[in-house]
Amino acid sequence: MDLIAFSSPLRYYTDKYGQLGTLYTAALHNRTELYVGTNQGLFRSRRTEGVPPSFQLISGTQGQVWELSSHSSGLFIGHNEGAFALENTQLRQVSTVTGGWQMLPVPRRPGWAIQSTYTGLVVLRQDAQGRWQFSHRLEGLLAPLRQMAFDTDGHLWVVHASRGLWQLELSEDLRQNRNQIAWTQESGLPDTYAMSLTRLKDKLLFRSTAGYYEYSPGRAQFSRVDNYK
């Protein structure tokens, strides 16, 4: 049996000559510009109906681009050399703390965000024009933290590449970690190696080598999730 699709919402781009390298992230900005972040830098292609994308390297972004997020003030770039913002056509460095892995808005704190890096967490804030600026480092936490997420109680969960899963309670001024819990196998996790986390609906799911797990605050335990609705 054959299928002929006369129209499809999908478009494919084949990097025949290896110009882009390994792709880590992508973002659509201003509805007409497609950006991709790779191990070679940040590339841009203007969207034109019926025309295949043609990517151009943004000068000054050479290196690992880990994350892209579109904001009204510009495109935020998590980079091996820290964090950048592309505002119109101007590239501006926001932070020099290396390894900008993930930027996460702080719940109920408009204009503030946390960024995970190679050497802990940094705090970012927006100025009066809405542009992101480096504010300060979070004290006492210098480990490489690639993934993070806030739960509904305001606790920050972070994943360390080899040490497992931590739950943090940040101070009101976002300068200190007031409490830190390292979750282990004693709490129901099968192991603490190569963990990751993701959000599904209003729940945080924690993935290990044995599958997905959900945290139950009342029991302070993790349980395996086989089916989630």
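My aim in this report is to walk through the structure given alongside it, one point at a time. Note that the coordinates shown come from a computational prediction; the quantities given were computed from them, not determined experimentally.

Definitions and limits used
- Residues numbered from 1 in each chain as written.
- Predicted model: local features only at pLDDT ≥ 70, side-chain atom pairs only at ≥ 80, totals over all residues.
- Heavy atoms only, no water.
- 1 Å grid on protein atoms, 1.4 Å probe; cavity = no way out; pocket = protein on both sides within 12 Å on 5 of 7 lines; lining within 4 Å.
- Points joined across faces, edges and corners; volume = space filled by probe spheres on them.
- Helix = DSSP H or I, 4+ residues; strand = E, 2+ residues; numbered from the N terminus.
- Nonpolar A, V, L, I, M, F, W, Y, C, P; charged D, E, K, R; others polar.
- Core = buried A, V, L, I, M, F, W, Y, C linked by side-chain atoms within 4.5 Å.
- Buried < 20%, exposed > 50% of the residue type's maximum accessible area, 1.4 Å probe, protein only.
- Phe/Tyr/Trp six-rings, centres within 6.5 Å; stacked < 30°, edge-to-face > 60°.
- Polar contact = N/O pair within 3.5 Å; in protein donor to acceptor, adjacent residues only side chain to side chain.
- Contact = heavy atoms within 4.5 Å.
- Pairing = 2+ DSSP bridges.
- Axes fitted to C-alpha atoms, helices over the stretch in contact; angles between N-to-C directions.
- Salt bridge = Lys/Arg side-chain N within 4 Å of Asp/Glu carboxyl O.

## Digging into empty space enclosed by the protein
Which parts of space are left empty comes out when a probe the size of a water molecule is rolled across the atoms.
So, point 1. Under the definition given, this model contains 1 cavity of 30 Å³ or more.
So, point 2. Volume-wise, the largest cavity comes out at about 50 Å³.
So, point 3. If you go around the largest cavity, the residues you meet are H71, S73, G74, L75, F76, A85, E87, R92, R131 and W132.
So, point 4. Elements represented by at least two residues in the lining of the largest cavity include exactly β6 (74–79) and β7 (82–87).
So, point 5. Ranked by residues supplied to the lining of the largest cavity, first place goes to β6 with 3 residues.
So, point 6. Looking at the lining of the largest cavity residue by residue, the classes come out as 4 nonpolar, 3 polar and 3 charged.

## Description of the nonpolar core
So, point 1. Within the largest apolar cluster, 17 residues are counted, with the highest numbers of intra-cluster contacts made by I114, L121, L156, L168 and L170.
So, point 2. When contributions to this core are tallied by element, the ones reaching two or more residues are β11 (120–126), β13 (145–150), β14 (156–160) and β15 (164–170).
So, point 3. If you look at the next biggest cluster of nonpolar residues, it comprises 13 residues, including A149, W157, W183 and Y213.

## Overview of the packing of aromatic side chains
So, point 1. For the structure shown, the criterion picks out 11 aromatic pairs.
So, point 2. Summarising the aromatic geometry, the rings of W157 and W183 are spaced 6.2 Å apart at their centres and angled 20° between planes, so their arrangement reads as stacked. Note that W157 is positioned in strand β14 and W183 in strand β16 (residues 177–183), a separation of 26 residues in sequence. Each member of the pair, W157 as well as W183, carries the same accessibility label: buried.

## Things to note about the side chain of Q102
So, point 1. Within the element layout of this structure, Q102 appears in strand β9 (residues 102–105).
So, point 2. Polar side-chain contacts of Q102 include one of 2.9 Å to the backbone nitrogen of M148.
So, point 3. Once residues within four sequence positions are removed from consideration, Q102 is found in contact with E67, I114, Q115, S116, R146, Q147 and M148.

## Some details on the sheet that holds strand β5 (residues 65–71)
So, point 1. The antiparallel open sheet is built from 4 strands, whose spatial order is β5-β6-β7-β8. Only two strands of the sheet have a single partner each, and these edge strands are β5 and β8 (90–95). With direction set aside, neighbouring strand axes in the sheet form an average angle of 25°.
So, point 2. As defined by bridge partners, β5 adjoins β6 across 6 bridges and the pair is classed as antiparallel. Each bridged residue has a counterpart across the sheet, and for L68 the counterpart in β6 is I77.

## Some points on the pattern of salt bridges
So, point 1. Per the stated rule, a full pass over the model turns up 7 salt bridges.
So, point 2. Among the salt bridges present, the one from D127 reaches R131, with a minimum N-O distance of 3.6 Å.
So, point 3. With a relative accessible area of 19%, D127 lands in the buried category.
So, point 4. Exposure remark for R131: the relative accessible area of 30% places this residue in the partly exposed category.
So, point 5. One salt bridge connects R224 with D226, and the closest N-O pair in it is separated by 2.7 Å.
So, point 6. Shared partners join several salt bridges into a network, and the residues in it are E87, R92, D127 and R131.

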